Amino acid sequence: MAADDDDYVYDEVTGEWRPASEMAAAASAKPVAKDSAGNVLADGDSVTLIKDLKVKGTNTTLKQGTVIKSIRLTEDPEEIDCRNDTIKGLVLRTEFVRKR
C-alpha cells in the first residue's frame, strides 16, 4: 500500500471520508463558463447578446444581437469581462450571451 492510500479527508459537502488524492483532484477542477446555450466560453471568444440590456450607471442600452469581441473570463464562471465601443470595463452575465 502506498502512503497516499492511508490519507483521508472529510468532505463536508457529501459528509464522507474520501481519499486525499481524490479531494485534491476535485479542488483543482475549475468551474467552466458556459453561454446561454451551454457552449463552453474561452478567453478571446466573440459573443452575441440574446436580450436588450440596460447598463447600470449609464443611459445606454445594449441591443439584442450586439456582438462583443475578445471576452475575458473572470473568477466567477457566470460573469465575463468585455468591452463595447461605448462602454469600457463591462461585465456581462453569461446567461445573456451566446457564443458566435
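This text follows the structure it describes.
Since this is a predicted model, take the numbers as computed values, not measurements.

*Asks:* I'd love a proper account of the layout of surface pockets, names of residues and values included.
*Replies:* Of the volumes computed, that of the second largest pocket is approximately 170 Å³. The wall of the second largest pocket is formed by Leu-53, Lys-54, Val-55, Lys-56, Leu-62, Leu-90, Val-91, Leu-92, Arg-93 and Phe-96. Elements with a minimum of two residues in the lining of the second largest pocket: β4 (53–54) and β9 (90–93). Of all the elements, β9 adds the most residues to the lining of the second largest pocket, at 4 residues.

*Asks:* Tell me about the pattern of salt bridges, and please be specific about residues and values.
*Replies:* Counted under the stated rule, the structure contains 6 salt bridges. Close ionic contact of Glu-79 with Arg-93 constitutes a salt bridge, the shortest N to O distance being 4.0 Å. Residue Glu-79 is found in strand β8 (residues 79–82), and its partner Arg-93 is found in strand β9; the two are separated by 14 residues along the sequence. Here Glu-79 falls in the partly exposed class, since its relative accessible area comes to 27%. Between Glu-95 and Arg-93 there is a salt bridge, with its nearest N and O atoms 3.2 Å apart. Classification of Glu-95 as partly exposed rests on a relative accessible area of 43%. Taken together, the shared-partner salt bridges in this structure form one network comprising Glu-78, Glu-79, Arg-93 and Glu-95.

*Asks:* Now, about the pairing of β8: what can you tell me, with residues and values included?
*Replies:* In this sheet, β8 lies alongside strand β7 (residues 72–73) in antiparallel orientation, the contact comprising 2 bridges. Counterpart to Leu-73 in the pairing with β8 is Ile-80. Hairpin geometry of β7 and β8 is characterised by an intervening segment of 5 residues between the two adjacent antiparallel strands. Pairing of β8 with β9 involves 4 bridges; the strand directions are antiparallel. In the strand pairing of β9, Glu-79 is matched with Arg-93.

*Asks:* Requested: an account of the sheet that holds β8, with residues and values cited.
*Replies:* What the 3 strands build is an open sheet, ordered β7-β8-β9; its pairing is antiparallel. Of all strands in the sheet, those bounded by a partner on one side alone are β7 and β9.

Cut-offs used in this document
- Residues numbered from 1 in each chain as written.
- Predicted model: local features only at pLDDT ≥ 70, side-chain atom pairs only at ≥ 80, totals over all residues.
- Heavy atoms only, no water.
- 1 Å grid on protein atoms, 1.4 Å probe; cavity = no way out; pocket = protein on both sides within 12 Å on 5 of 7 lines; lining within 4 Å.
- Points joined across faces, edges and corners; volume = space filled by probe spheres on them.
- Helix = DSSP H or I, 4+ residues; strand = E, 2+ residues; numbered from the N terminus.
- Salt bridge = Lys/Arg side-chain N within 4 Å of Asp/Glu carboxyl O.
- Buried < 20%, exposed > 50% of the residue type's maximum accessible area, 1.4 Å probe, protein only.
- Pairing = 2+ DSSP bridges.

Everything listed here is a matter of geometry and, on its own, says nothing about what the molecule does.
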